[in-house]
Amino acid sequence: MAGLGAMLIGMIGGGIAWICMIVSIWIFAAVVFIDAYRHGMKAWLWALMALLFNYYSLPVYIYVRIKKATLKCGSCGTKVGDKMSFCPGCGVTVQKFDDGAIAKKVLKYALIVIAIFSIIGVAYIAIDGIVNY
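Rules used in this analysis
- Residues numbered from 1 in each chain as written.
- Predicted model: local features only at pLDDT ≥ 70, side-chain atom pairs only at ≥ 80, totals over all residues.
- Heavy atoms only, no water.
- Core = buried A, V, L, I, M, F, W, Y, C linked by side-chain atoms within 4.5 Å.
- Buried < 20%, exposed > 50% of the residue type's maximum accessible area, 1.4 Å probe, protein only.
- Helix = DSSP H or I, 4+ residues; strand = E, 2+ residues; numbered from the N terminus.
- pLDDT = per-residue confidence, 0-100.
- Disulfide = S-S within 2.5 Å.
- Arc of directions from axis to C-beta.

A. Up close: the nonpolar core. By size, the foremost hydrophobic cluster in this structure holds 14 residues, and its most contacted members are Val32, Ala36, Trp46, Tyr61 and Ile62. At the level of secondary structure, the elements contributing two or more residues to this core comprise helix 1 (2-38), helix 2 (43-53), helix 3 (58-68) and helix 4 (99-131).

B. Representation of the confidence of the model for the protein chain. Here the protein chain shows a mean pLDDT of 77. Residues at 70 or above account for 85%. Here strand 2 (residues 96-98) stands out as the least confident element of the protein chain, with mean pLDDT 58; helix 2 is the most confident, with 92.

C. Representation of the state of the cysteines within the structure. Considering all chains together, one arrives at 0 disulfides under this definition. We note that Cys90 lacks a disulfide partner, and the nearest cysteine sulfur, in Cys87, lies 3.7 Å from it. On the basis of relative accessible area, Cys90 is assigned to the partly exposed category, the value being 35%.

D. The arrangement of helix 3 in detail. Here helix 3 has its buried residues at Leu58, Pro59, Tyr61, Ile62, Arg65 and Ile66. Projected onto a plane normal to the axis of helix 3, the buried residues spread over an arc of 160° and lie on a single side.

Structure below.
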């Protein structure tokens, strides 16, 4: 009977893990869609890639996003050229923030997190294979 209880706990835990994974992938796809839409990219295409390839599509998305990054006015968000001193949208003195620099930091940490979770997943599969044989 002890084996039945352990099996039931394993099934419940596995079900909860799958539900959490599916929900996190849908949230990830929604965040990618919103960010792509905000930056004038093909939002539906990127959201579909996020759903199909999960977190492995993140480095590709961020790389493309860095290439499309522009400097924006800190006041109104209008695109501003590198050499401009005043915003063409609101006329204030430009206090630029670099959208690409933020994306580069996110890319770095995303790659680290993907590597850690991949290593944990492979280790779990290896340990599970050893224990169950």
